[in-house]
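One-letter residues, chain by chain:
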Amino acid sequence: MRTKLVAGNWKMNGSLALNAELLKAVRAGKAAAELAVCVPFPYLAQAQAELHGSHVTWGAQDISAQAQGAFTGEVSASMLTDFGCTYVLVGHSERRTLHGETDAVVAAKFAAAQSAGLIPVLCIGETLAERESNITAEVVTRQLEAVLAKSGVAAFANAVIAYEPVWAIGTGLTATPAQAQDVHALIRARVARDDATVAAGVRILYGGSMKPGNARELMQQADIDGGLIGGAALVATDFLGIANAC
Ligand code: PEP
């Protein structure tokens with residue numbers, strides 16, 4: 001039985017004052033799912049202080065593939081563990097598109113996260129052009145296989161996958177429940193090809209303009225195990241509303 005996970009991706013939003021309100025409200029909310037928030041690096045200490053001892057876990061939105069050293073501006077996986085992080089996003093489409101992260105870089109970050117004891121949330125998904133060219137399956141499989149090749153299928157016993165169609169992120173467009181389920185089933189089947197037990201246990205989140213109003217139908221799909229939430233994670237009632245749709 002997979003416990004649903006609803007994880008917020010705050011992206012580059014927030015301030016100490018706004019975060020304090022949001023974190024307190026999320027902490028105080030009742031949710032039918034596991035909750036997590038992935039906050040900007042400078043606010044990890046605040047998330048730790050506000051959420052410590054609560055049912056809400058926290059994490060970051062990226063890490064370096066390197067362990068330490070002369071990598072100006074980078075943040076290592078072990079630094080995140082100093083702040084009590086549970087999760088870290090790797091391969092978010094904004095990192096892939098705006099920062100040129102290749103499948104190989106994402107696979108290296110996934111491995112670095114796990115070697116420090118973090119749970120990576122591997123983000124994969126196709127662009128609109130790729131969907132319209134009917135290559136969604138190839139793209140998502142290629143992104144997944146880069147990680148399978150580097151870390152092996154057993155690594156997915158301690159990882160989360162987020163299917164995020166790029167065309168649905170921050171656009172207000174959402175994959176239909178059937179479109180999302182098709183890709184989630186394909187992802188699980190690809191993992192099952194290597195290990196059926198790992199595939200049955202791995203959580204696959206949907207991300208892309210999820211809101212309280214569309215969450216229930218998405219969450220009801222057999223292979224959708226929660227959500228990765230961007231914009232709606234900045235409003236406590238929306239974030240909790242999504243979690244309660246589980
Ligand atoms: C995201 O950035 O991961 C995301 C899903 O954003 P949004 O919910 O705003 O589409």
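Our structure's up above, just so we're on the same page.
Read on for a plain summary of the structure. As the structure is a prediction and not an experimental result, all values here were calculated from the model.

With that settled, the discussion passes to the overall build of the chain. A count of helical and extended segments in the chain gives eleven helices and eight strands. What you see for the chain is a C-alpha radius of gyration of 17 Å, in line with the 18 Å of a compact globule of 246 residues. Projected onto its principal axes, the C-alpha coordinates of the chain cover approximately 45 × 45 × 35 Å. For the chain, with 246 residues in total, the buried portion stands at 49%. Sequence separation of 24 or more characterises 72% of the internal contacts of the chain that already satisfy a separation of 6 or more. Counting 18 positive and 22 negative side-chain charges, the chain places the centres of these two groups 4 Å from one another.

Here we take up the layout of surface pockets. What the largest pocket holds in volume is close to 470 Å³. Lining of the largest pocket is provided by 19 residues; of these, Met 12, Gln 61, Asp 62, Arg 95 and His 99 occupy positions nearest its centre. Broken down by element, the lining of the largest pocket gets its largest block of residues, three residues, from helix H4 (residues 93–98). Within the lining of the largest pocket, the residues separate by chemical class into eight nonpolar, six polar and five charged. What the second largest pocket holds in volume is close to 180 Å³. As for the second largest pocket, its lining consists of 18 residues, of which Lys 11, Gly 170, Ser 209, Gly 230 and Gly 231 are closest to the centre. Taken together, the residues that form the lining of the second largest pocket break down as five nonpolar, ten polar and three charged.

Around the ligand lies a shell of 14 residues, among which Lys 11, Glu 164, Gly 170, Ser 209 and Gly 230 are the nearest. Side-chain polar atom of His 92 to an oxygen atom of the ligand: 2.9 Å apart, as the coordinates give it. At 2.9 Å from an oxygen atom of the ligand is found a main-chain nitrogen or oxygen belonging to Gly 231. Calculation on the ligand without its partners gives an accessible area of 300 Å², and the protein chains cover 97% of this total. More than half of the atoms belonging to the ligand lie within 2 Å of the grid points that define the second largest pocket. For the shell around the ligand, the residue count by class is four nonpolar, eight polar and two charged.

What counts as what
- Residues numbered from 1 in each chain as written.
- Predicted model: local features only at pLDDT ≥ 70, side-chain atom pairs only at ≥ 80, totals over all residues.
- Heavy atoms only, no water.
- Helix = DSSP H or I, 4+ residues; strand = E, 2+ residues; numbered from the N terminus.
- Rg over C-alpha atoms; globule rule 2.2 N^0.38 Å.
- Buried < 20%, exposed > 50% of the residue type's maximum accessible area, 1.4 Å probe, protein only.
- Contact = heavy atoms within 4.5 Å.
- Lys, Arg positive; Asp, Glu negative; His and termini not counted.
- Charge placed at Lys NZ, Arg CZ, Asp CG, Glu CD.
- 1 Å grid on protein atoms, 1.4 Å probe; cavity = no way out; pocket = protein on both sides within 12 Å on 5 of 7 lines; lining within 4 Å.
- Points joined across faces, edges and corners; volume = space filled by probe spheres on them.
- Nonpolar A, V, L, I, M, F, W, Y, C, P; charged D, E, K, R; others polar.
- Near = heavy atom within 4 Å.
- Polar contact = N/O pair within 3.5 Å; in protein donor to acceptor, adjacent residues only side chain to side chain.
- Areas by Shrake-Rupley, 256 points an atom, 1.4 Å probe, with all protein chains shown as cover.
- Sits in = over half its atoms within 2 Å of the grid points.

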